[in-house]
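Chain and residue survey
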Amino acid sequence: MARRALTAAAVALTATATLLLTACGGSGTGKPDDIKGADTGAGSPSASPSASASAGVDRPDVSAPGDLALVFDFAKPSDADRAAALDDAANYIRALNHGITKQNPEDPAFQFYSAGQAAQYAHTQIKQYVAGGWTLTGKDRYYRATTNPGGESSKVKTVRVTFCEDQSKVYGKEVKSQKVHRTEESLASYQKFTLLMASEHGSPVWRAQQVTVAGKATECRG
């Protein structure tokens with residue numbers, strides 16, 4: 001499953017501390033290549049929004065279908081802001097996958113959990129899958145998360161979140177035929193994400209502003 005590597009290589013995304021607070025749609029066509037995966041796995045929290053969901057906040061559905069397990073092996077930071085930013089970074093990933101499996105490039109879930117370049121990235125990824133007639137199945141694992149302060153002003157707080165992805169057990173599946181495509185595990189199965197998460201005016205919701213994805217991440221393997 002090379003959706004992140006494909007876009008990172010094609011668009012050359014670069015994360016900086018600049019906040020892009022207005023969501024903008026992306027575009028893209030074609031079939032995602034080298035889509036990877038294996039068995040589904042069980043016990044994943046893929047269908048459940050994270051613990052950052054607070055009372056009084058109407059959050060969108062980010063559930064995944066039963067044949068797609070999203071696993072987040074993240075240790076919760078002791079700092080409340082970092083913990084909330086990490087939770088909603090996971091929700092951004094859930095929302096991206098929700099849009100792919102729902103085949104909806106305008107899915108409200110990713111728009112809720114992102115803005116600016118990160119929203120454009122999600123929109124482009126989903127649109128590529130829809131255009132190619134692809135969805136996902138299998139087990140997608142995220143791990144080795146770190147959080148660092150990204151800056152703070154009177155209106156906006158930011159946290160930079162980094163984590164690895166093992167996509168060696170995720171399949172690409174043709175929407176019409178339901179045919180599943182498998183490839184073997186390789187270095188290309190491992191990606192490294194960096195997300196700039198922001199909370200505006202003390203909001204309990206942290207939204208991804210910018211995302212970079214490094215493919216063939218040696219440090220994420222093993």
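Preceding block: the structure.
Right, let's walk through the structure included here. Because the structure is a prediction, the values reported are computed rather than measured. (Residues numbered from 1 in each chain as written. Predicted model: local features only at pLDDT ≥ 70, side-chain atom pairs only at ≥ 80, totals over all residues. Heavy atoms only, no water.)

This part is about the pattern of salt bridges. Counted by the stated rule, this structure contains six salt bridges. The partner of D81 in a salt bridge is K157, with the nearest N and O atoms 3.0 Å apart. In this pair, D81 sits in helix α2 (residues 80-102) while K157 sits in strand β3 (residues 156-174), placing the two residues 76 residues apart along the sequence. Close ionic contact of E219 with K192 constitutes a salt bridge, the shortest N to O distance being 3.6 Å. Residue E219 is located in the segment after β6 (207-215), and its partner K192 is located in strand β5 (residues 190-200); the two are separated by 27 residues in the primary sequence. Of the residues examined, E219 reaches a relative accessible area of 45% and is grouped as partly exposed. Classification of K192 as partly exposed rests on a relative accessible area of 28%. (Salt bridge = Lys/Arg side-chain N within 4 Å of Asp/Glu carboxyl O. Helix = DSSP H or I, 4+ residues; strand = E, 2+ residues; numbered from the N terminus. Buried < 20%, exposed > 50% of the residue type's maximum accessible area, 1.4 Å probe, protein only.)

Along an α-helix, a turn takes 3.6 residues, which lines up residues three or four apart on a common side. When the terminal C-alpha atoms of helix α4 (residues 116-132) are compared, their 25 Å separation across 17 residues agrees well with the 24 Å that a helix rising 1.5 Å per residue should span. Counting buried residues along α4, twelve of its 17 residues qualify, which places the element largely inside the surrounding structure. Within α4, the full set of buried residues consists of G116, Q117, A118, A119, Y121, A122, H123, T124, Q125, I126, Q128 and Y129. Positioned one or two residues after α4, G133 has a phi angle of 75°, which is positive. (Expected span 1.5 Å × (residues − 1).)

With that out of the way, let us pick up the packing of aromatic side chains. Summed over all chains, the structure comprises seven aromatic pairs. On the numbers, 5.9 Å between centres and 80° between planes, the contact of Y142 with F163 is edge-to-face. One end of the pair, Y142, is in strand β2 (residues 134-152); the other, F163, is in strand β3, with 21 residues separating them in the sequence. Among the residues examined, Y142 registers a relative accessible area of 0% and is labelled buried. In this structure, R141 is placed above the aromatic ring of Y143, and the distance from its NZ or CZ to the ring centre is 4.1 Å. Positioned above the aromatic ring of F112, the side-chain terminus of R207 is 4.7 Å from the ring centre. (Phe/Tyr/Trp six-rings, centres within 6.5 Å; stacked < 30°, edge-to-face > 60°. Lys NZ or Arg CZ within 6 Å of the ring centre and 35° of its normal.)

Bringing the pairing of β6 into the picture now. Looking at chain direction, β5 and β6 are connected through eight bridges and run antiparallel. Within the sheet, the bridge partner assigned to K192 lies in β6 and is A214. The hairpin formed by β5 and β6 contains six residues between the paired strands, and H201 there has a positive phi angle of roughly 55°. (Pairing = 2+ DSSP bridges.)

Turning next to the nonpolar core. Within the largest apolar cluster, 41 residues are counted, with the highest numbers of intra-cluster contacts made by Y92, V161, F163, F193, L195, M197 and V211. For this core, the secondary structure elements donating two or more residues are β1 (68-73), α2, α3 (108-112), α4, β2, β3, β5 and β6. With ten residues, α2 is the single largest residue contributor to this core. Not counting the four nearest positions on each side in its chain, L195 is found in contact with A89, Y92, V159, R160, V161, F163, A208, Q210 and V211. In terms of nonpolar packing, the next biggest core, distinct from the first, is built from five residues, Y143, C164, A217 and C220 among them. (Core = buried A, V, L, I, M, F, W, Y, C linked by side-chain atoms within 4.5 Å. Contact = heavy atoms within 4.5 Å.)

Now for the state of the cysteines. The full count for this structure, using the stated rule, is one disulfide. At a sulfur-sulfur separation of 2.0 Å, the disulfide partner of C164 is C220. The sign of the S-S torsion, about -75°, decides the handedness of the disulfide formed by C164 and C220: left-handed. Taken together, the residues C164 in strand β3 and C220 in the segment after β6 connect sequence positions 56 residues apart. In terms of burial, C164 and C220 fall into one category: buried. (Disulfide = S-S within 2.5 Å.)

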